[in-house]
Amino acid sequence: MTDIQIYNSAVRQKVAFKPLDPSDVRVYVCGPTIYDRAHIGNARPVVVFDVLFRLLRHTYGEDHVNYVRNITDIDDKIMHRAKERGAPIEVVTEETVGWYREDMAALGALPPTHEPRATEFVAQMVAMIETLIAKGHAYEAEGHVLFEVSTYGAYGALSGRSTDDMIAGARVEIAPYKRDPMDFVLWKPSTDDQPGWDSPWGRGRPGWHIECSAMSSELLGNDFDIHGGGSDLQFPHHENEIAQSRCAHTDAGFARHWMHNGMINVDGRKMSKSLGNFLTVEDLRGQAPGEVLRLALISTHYRGVLDWTEQKVSEASETLRKWGALVDGVEPSAEAPATVLDALSDDLNTPLAIAEMHKLARAGEVAQLASAMALLNLAAPEAVAADDNGIEALLIERTDARAAKDFARADEIRKGLEAAGVVVMDKPGEASEWRLGPNFDANKLEALK
């Protein structure tokens, strides 16, 4: 069995991963708030932790890994979007979760073992809040229930922040009913036109943080192996989860390991709608197949900042084209290559795994390459596995047309290849080289022949 090392954010170092129960490895990852199309930043943790899910299944057995990724379907953003559209909240959430699942499947992500919705676990949230009140960690004030941060001495340990930093970073709501600005909401009142549930504190709805604590406890137990999510969730969301979970279940440790993926920039800048570089998965799927996007997403180590560029997508496309041509019709080896497994077992070092796969390709170890591609769920999609001979034939025709001074046909082929997303590199005195760009369109190529 491969020894797996992971970087545990809670202790800020790489540690050996030893599951509490190797026959039931338990992982929880924070999922989406479903009010809009998923963007590429939403997709990164899905793909990162899909790689982890596959590695754990390979190591411990497919039936011995329990992976939970939640869906937040109670949120002020959802209510605002529903009001904007003049549609019931259920219509917005059902449509959005459908988009999300379609996009993540296109990126080659396995469905999690459980995909709980917050609305299905309100009773467990209410019960957990009652426990926190009974143990002196929460209090009711003006229809709200708040967690009293000062009652948990280790608050801030995960993020390593001072109280002043946490107050500034959390943009805490200053409210007269709070005993301390750092106290966070466990339950809030709902108006008649807002979704709400009956509770000991009146009709209302849960705060965001309590949702994940209740769902993870219900589906994985009070102790489980790994909690994952984006680095932007480390504080305050994950910090608050730890505080309320450990205070509610004082005999348990909650998550034993914490894993956080880095953020995504686009062309060197933070992604934002105001900068015009906000990329949804739907938009990107119109430019390149999901397998290409998946490879681009794992081309940078998960803990680093990923700079999303057209060149990165183009390189991923070219890599899959070459690999796909090599493994076409080849039976994968029974065992995944040790070098690739070793790389993935070293804190999900996907860039190293990809480098090892390039070595296998150069060495002609195609059965091993096919096995590694299967492990990472990387395949040459139809749009990438283009008819190489067709492109080569067109380039030969262009050369012949030039020789015959039929410049109109030569120019037509050049422009047609460009429009089809084929990048041609001409070299004086040598045969032209080519690669598929991220916007490759096989139909346009066929029309050119």
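Structure shown above.
Residues numbered from 1 in each chain as written. Predicted model: local features only at pLDDT ≥ 70, side-chain atom pairs only at ≥ 80, totals over all residues. Heavy atoms only, no water.

Caption draft 1: Looking closely at the overall build of the protein chain. When you go through the protein chain residue by residue, the secondary structure sums to 16 helices and 15 strands. Here the protein chain, with 449 residues, has 50% of them falling under the buried criterion. When the accessible surface of the protein chain is split by element, carbon and sulfur atoms take 48% of a total near 20100 Å². Charge separation in the protein chain, taken as the distance between the mean sites of 46 positive and 69 negative side-chain charges, equals 4 Å. (Helix = DSSP H or I, 4+ residues; strand = E, 2+ residues; numbered from the N terminus. Buried < 20%, exposed > 50% of the residue type's maximum accessible area, 1.4 Å probe, protein only. Areas by Shrake-Rupley, 256 points an atom, 1.4 Å probe, with all protein chains shown as cover. Lys, Arg positive; Asp, Glu negative; His and termini not counted. Charge placed at Lys NZ, Arg CZ, Asp CG, Glu CD.)

Caption draft 2: The sheet that holds strand β12 (residues 269–270), seen in detail. An order of β12-β11-β13 is seen for the three strands of this open sheet, with the pairing classed as mixed. Two strands lie at the open edges of the sheet, namely β12 and β13 (306–308), each paired on one side alone. As judged from the two bridges shared by strand β11 (residues 264–266) and β12, these two strands associate in the antiparallel manner. Residue pairing in the sheet places Asn265 in a bridge with Lys270 of β12. (Pairing = 2+ DSSP bridges.)

Caption draft 3: Summary view of helix α3 (residues 89–106). Between its first and last C-alpha atoms α3 spans 26 Å; for 18 residues at 1.5 Å apiece the expected length is 26 Å, and the two agree. Those residues of α3 not exposed but buried are Val92, Thr93, Thr96, Val97, Tyr100, Asp103 and Met104. Down the axis of α3, the sector holding all buried residues measures 130 degrees, keeping them to one side. Relative to its buried face, α3 has exposed residues pointing more than 90 degrees away, namely Glu90 and Ala105. Buried residues along α3 sit in contact with α1 (40–60), β4 (65–69), α2 (76–85) and α8 (281–285). Just past α3, the residue Gly108 takes up positive phi, approximately 80 degrees. (Expected span 1.5 Å × (residues − 1). Arc of directions from axis to C-beta. Contact = heavy atoms within 4.5 Å.)

Caption draft 4: Quick peek at unusual backbone geometry. Across the junction of Phe235 and Pro236, the peptide omega takes the value 5 degrees, indicating a cis bond. Among the structural elements, Pro236 can be located in helix α7 (residues 234–248). Located in the positive-phi region is Phe254, a residue other than glycine, with phi close to 65 degrees. For Phe254, the location among the structural elements is in strand β10 (residues 254–261). For Phe254, a relative accessible area of 4% puts it in the buried group. Positioned with a positive phi, Asp267 is a non-glycine residue whose angle comes to about 50 degrees.

Caption draft 5: Up close: the pattern of salt bridges. One pass over the full model with this rule turns up 26 salt bridges. Residue Asp346 is joined to Lys14 by a salt bridge in which the shortest nitrogen-to-oxygen separation is 2.7 Å. With a gap of 332 residues between them, Asp346 in the loop between α11 (338–345) and α12 (350–363) and Lys14 in strand β2 (residues 13–16) connect regions that are remote in the sequence. The class of Asp346 is partly exposed, set by a relative accessible area of 27%. Salt-bridge contacts for Arg81 lead to Glu84; the nearest nitrogen and oxygen are separated by 3.0 Å. Of this pair, Arg81 and Glu84 both sit in helix α2, separated by three residues, roughly a single helical turn. Of the residues examined, Glu84 reaches a relative accessible area of 52% and is grouped as exposed. (Salt bridge = Lys/Arg side-chain N within 4 Å of Asp/Glu carboxyl O.)

Everything listed here is a matter of coordinates, which is why it stays silent on function.
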